[in-house]
Every structure is written in structure tokens, then in C-alpha cells.
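The chain contents come next:
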Amino acid sequence: SVQEIISIYPNIPHPDSTSLGIYDLPENVPPELTRAIQRVEAACAQLSCAVASPGHVVLNKTLLHAEPASLLVVTQARIADYLLGKPDGLHISELARLSGLDEGKLGRILRLLVTSHVFCEVKPNVFSNNRLSMKLLKSDPVSDTVCLLTDESLMASSYLNESMIAKDGSKTPFERATGLPFFEYHKTPEGKAKGDRFPRAMVGWGNVTGKGLLAMVYPWEQQPVDTTICDVAGGNGHVTMALMKAHPHLKVVLQDQEQVIIMGKQFWNQEYPEAVERERVQFVPFNFFQDTAAEGCDFYYIRSILRDWPDEQSFLILSNVRKAMKPSSRLIIHDTVLRQAVRTTSASPSQDATLKDVAPEPLLPNYGAARIRTYELDMIMMNLLGSAARTLDEFLVLCGKCNFKFEKLYEVGETDLIEFSPI
Ligand SMILES: C[S@@+](CC[C@H](N)C(=O)[O-])C[C@H]1O[C@@H](n2cnc3c(N)ncnc32)[C@H](O)[C@@H]1O
């Protein structure tokens, strides 16, 4: 029952490091269950905003910045790792000794987080992990995503207003904060460690936003043996690696910048050496603004890339993919597709190109708080890169200009697959 869930879930210590049991759902559950959970999440948030005092709600929202700042402290200090396998918890003095942080301040930070259901306080000043703080373990790439979002991203957000009212609107909030564009900053001595954690942060974001559903929603099992997928700017290739593990008859060509491909090779050698040994994966560095993608692959899969770039650069990237395609190739864009926050009748050119996954009334049609990450991502794009997430119509127009014909939309939770063929 709901009462049992509320009493069990965040308020008791996590038993140990590995147990899933009733304490965690796997990240990727089937789409119907994902939607059911999102309805509950959306309804709870909408109800809170409806019944609590508006002043309380608005102040709580305003004060939220203290929570990410605190999450960065505990994640970098590896507090969740010190608590691993200790359901009886550790005293704050021991946590302060282990982490080298000030005991009084660390206790206050942890108490804020306990109050928002991250960590448990099992006895006064004794803290333990719970199902949420387990995501902050060093072994979980979500902890790198937490660091990216609470460090570079939070810093950039605080310059949003300045950048909005500036006469010269060309600098992103991130550039105002650091003096450099986002990816350039990662190449500096100061930003290098942050650049190194970026690919793992992408893995963590993908884990949470349903990347595993890629293997479930597209009919990969119907593709012939040795069907080749070019993972265009695939980072370390974590998404197509998971896809290939689920469908071993597929092959992958991983493309990205040279330094990223070097990390990608290490990642595959470590995580999926059989694929490397059996030559089921190739590593081909490229610059997607200048070079044609690997020629003649069956699929070109492009995930979380176009949101990084305005239309002009996205046009170049897609054109370099289009040039590499044979007539039977398919392009699959896997990205966040922005929905309206208000119910509308669609003006899409065809029934197939209509978003059907709409939350029932009286919820917001876009699932409100349950998919707030979609809109937060759009803001992150604005703050870090000066780019934007797109609506379905915007994707169709952009791809049409690059000589792609829309084939099919697969709604996958909080991201979607849009399939195109070459014209
Ligand atoms: C947001 S990440 C997405 C990575 C991956 N597709 C995923 O879903 O995790 C953007 C990727 O674009 C790559 N990238 C940026 N500029 C590039 C360029 N000029 N040529 C090729 N890849 C580039 C980055 O190295 C990075 O791996």
C-alpha cells in the first residue's frame, strides 16, 4: 500500500551495498511500469503544490540551491562510501575524521539531506545510507552526474539572470562564470578533472533517463546478423555497449573525438573485452563538423548530441551523417523531445509524428514533476552551451533540411527515438 511504501522507503537504512530487493527498482523497468510510476510521482508533486501554502512552496523552491550544494560536498567527500555496509550508521565524528571535513558543518549538511530523504539519521548524530544516498557511491556513475550538475552546472545557473539582461547576449552563463566555453574549460588544467568525469556523468544521466529502454523498444531482434550501428559521437560507447550486450548479433562502430575514443577503447576493453577481441566493435575518431561519418553502416545512432548545438551546427553534423548513408540506412535520433505543458491538438503532418504519451487529466500533460528533468536539461543546455532541447516539430524540420524522411517515433519515457531514412 502507499502507506507501506512511504514508511519503508526512504526512512530506513539501506541493508548493504548490493541488495536490490524491495529497496531499489532497477533503473530500466518496462515502459508501462515507468509510466505508472511517473503518474504517481506527478500526482504527489501536483497535490503538494495544490494544498501547501503558496508562500511555503515558493520559498522551498527558492531554497533548493542549498540541497545541490550539499550534495556536492557529500559526494566529493565520499560519505556514502564510508557508510557502505553499515546499516547501523557511523557517528558524525567518525565521518568527519574519515572525510577530513569539519564535524559541525558536515552534521548540518547531512541533516538537511536527511530532511529531504537522502541518507538516514538512525540515532542523533549517527547517519547511514538509504536507497537514495546509495546513488552517491563512487561505483555508481550517477555520482559523477551529481557532481557535474552541482558543480559546473550550478555555478553557471547563478549567472543566468546576468546573461539574460546583458546587452551582449552572446556569452553563455557558463562563460560568464569561468571566462571560457564549456568544452574549452575542460581542456584547462583547472577543468581537466571535470572533463575526465564528464563521460561517466553522461553514463549516469543515461542510466537514470532510460537509456536501457533502447534495447527494448526498437525491433533489434528483427535485424539480420552483423547489422552495424554507427554510434555517432557516442562518448565511451556505453549506450551501444548495453545494446550489443542485449542483442549480440549487432556490431558497433564508435565515433567521437580522438581523446574520447582513447577512453572509449579502455572502457570496452575493461567492460566488454569479448566484443573487442571478436572485432564486433570498431573505434573511429572523427570531428563531426568536418568529417563524413563511417560509411555504409545500417544504422546511424545519435544520442544526446543535437541538443548541444544550435541549428547551424546540428545541420553540419547531420549532413556529415547523411553523406555516409546507403539508401537502406536508417538514422535514429535518441534525444529529449520537449512536450507542451498545456493540452493542445497536434498540428503534426502525420498521425505517426504525433506524441501519444500524454499524462491523464488532471495532471499536467507532460507529466509535470515526474519529467521535470526534461525541462531542467533544456536549462542546462542554455546555461552551459547556449543551446536548447527541441520539440518533435523542430526535429522534423531540421532533419527535413538535411534530406531525411521521417519514418517512425518511439516514445521511450523521458527520451524518444525518432527514426529517419535518407531521401
Ligand atoms: C553529451 S555527450 C553525448 C555522448 C553519447 N552520445 C551519450 O549519449 O552518452 C556529447 C559528445 O559529443 C562529442 N563531441 C563534441 N564535439 C565533437 C566533435 N567536434 N566531433 C566529434 N564528437 C564531438 C563529445 O566528445 C561527447 O562525447
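Rules used throughout
Residues numbered from 1 in each chain as written. Predicted model: local features only at pLDDT ≥ 70, side-chain atom pairs only at ≥ 80, totals over all residues. Heavy atoms only, no water. Near = heavy atom within 4 Å. Polar contact = N/O pair within 3.5 Å; in protein donor to acceptor, adjacent residues only side chain to side chain. Areas by Shrake-Rupley, 256 points an atom, 1.4 Å probe, with all protein chains shown as cover. Helix = DSSP H or I, 4+ residues; strand = E, 2+ residues; numbered from the N terminus. Buried < 20%, exposed > 50% of the residue type's maximum accessible area, 1.4 Å probe, protein only. Contact = heavy atoms within 4.5 Å. Pairing = 2+ DSSP bridges. Axes fitted to C-alpha atoms, helices over the stretch in contact; angles between N-to-C directions. Core = buried A, V, L, I, M, F, W, Y, C linked by side-chain atoms within 4.5 Å. UniProt positions renumbered as here; feature names shortened; annotations may be inferred.

1. Quick word on the site of the ligand
Here is step 1 of the chain: Neighbouring the ligand are 16 residues; Ala233, His238, Asp256, Gln257 and Arg303 lie closest to it.
Here is step 2 of the chain: Within the backbone of phenylalanine 288, an N or O atom sits 3.0 Å from a nitrogen atom of the ligand.
Here is step 3 of the chain: In isolation the ligand exposes 590 Å². Once the protein is present, 93% of that is buried.

2. Observations regarding the environment of isoleucine 92
Here is step 1 of the chain: Note on placement: isoleucine 92 falls in helix α6 (residues 92-99).
Here is step 2 of the chain: Residue class for isoleucine 92 comes out buried when judged on its relative accessible area of 3%.
Here is step 3 of the chain: Sequence separation between isoleucine 92 and glycine 107 is 15 residues; the distance between their C-alpha atoms is 6.2 Å.
Here is step 4 of the chain: Once residues within four sequence positions are removed from consideration, isoleucine 92 is found in contact with Glu103, Leu106, Gly107, Leu110, Asn125 and Phe127.

3. A few points about the sheet that holds strand β11 (residues 404-411)
Here is step 1 of the chain: An order of β6-β5-β4-β7-β8-β12-β11 is seen for the seven strands of this open sheet, with the pairing classed as mixed. Two strands bound the open sheet, and with one partner strand each, they are β6 (281-285) and β11. Neighbour-to-neighbour, the strand axes of this sheet turn through a mean angle of 20°, independent of strand direction.
Here is step 2 of the chain: The pairing of β11 with strand β12 (residues 416-422) spans seven bridges and is antiparallel. Bridge pairing links glutamate 411 to aspartate 416 in β12.
Here is step 3 of the chain: The strands touched by helix α15 (residues 238-246) within the sheet are β4 (228-232), β5 (251-256), β6 and β7 (299-303), with β7 carrying the most contacts at an inclination of about 130°.
Here is step 4 of the chain: Lying on the sheet, helix α20 (residues 392-401) is in contact with β8 (330-335), β11 and β12; it crosses β12 at an angle near 20°.

4. Re the nonpolar core
Here is step 1 of the chain: Ranked by internal contacts, the top residues of the largest apolar core, which has 32 residues, are Tyr300, Leu331 and Phe420.
Here is step 2 of the chain: For this core, the secondary structure elements donating two or more residues are β4, β7, α18 (311-322), β8, α20, β11 and β12.
Here is step 3 of the chain: If you tally residues by element for this core, the top one is α20, at five residues.
Here is step 4 of the chain: Residues in contact with phenylalanine 420, not counting those within four places in the same chain, are Ser329, Arg330, Leu331, Ile333, Phe395, Leu396, Cys399, Phe404, Lys405, Phe406 and Glu407.
Here is step 5 of the chain: Counting residues in each nonpolar core, the second largest holds 21 residues, with Ile79, Ala80, Leu113 and Met134 among its members.

5. A few points about the UniProt feature "domain: O-methyltransferase dimerisation" (unreviewed entry) in the protein chain
Here is step 1 of the chain: Feature annotation in UniProt places "domain: O-methyltransferase dimerisation" (unreviewed entry) on residues 66-139, given in this structure's numbering.
Here is step 2 of the chain: The span residues 66-139 carries 49% helix and 12% strand; its end-to-end C-alpha distance comes to 25 Å.

6. Comments concerning the sheet that holds strand β1 (residues 90-91)
Here is step 1 of the chain: Overall, antiparallel pairing links the three strands, which are arranged β1-β3-β2 in an open sheet. If you trace the sheet from one side to the other, it starts and ends with β1 and β2 (120-123), each paired once.
Here is step 2 of the chain: Pairing between β1 and strand β3 (residues 126-128): two bridges, direction antiparallel. The residue bridging histidine 91 from the neighbouring strand is valine 126, located in β3.

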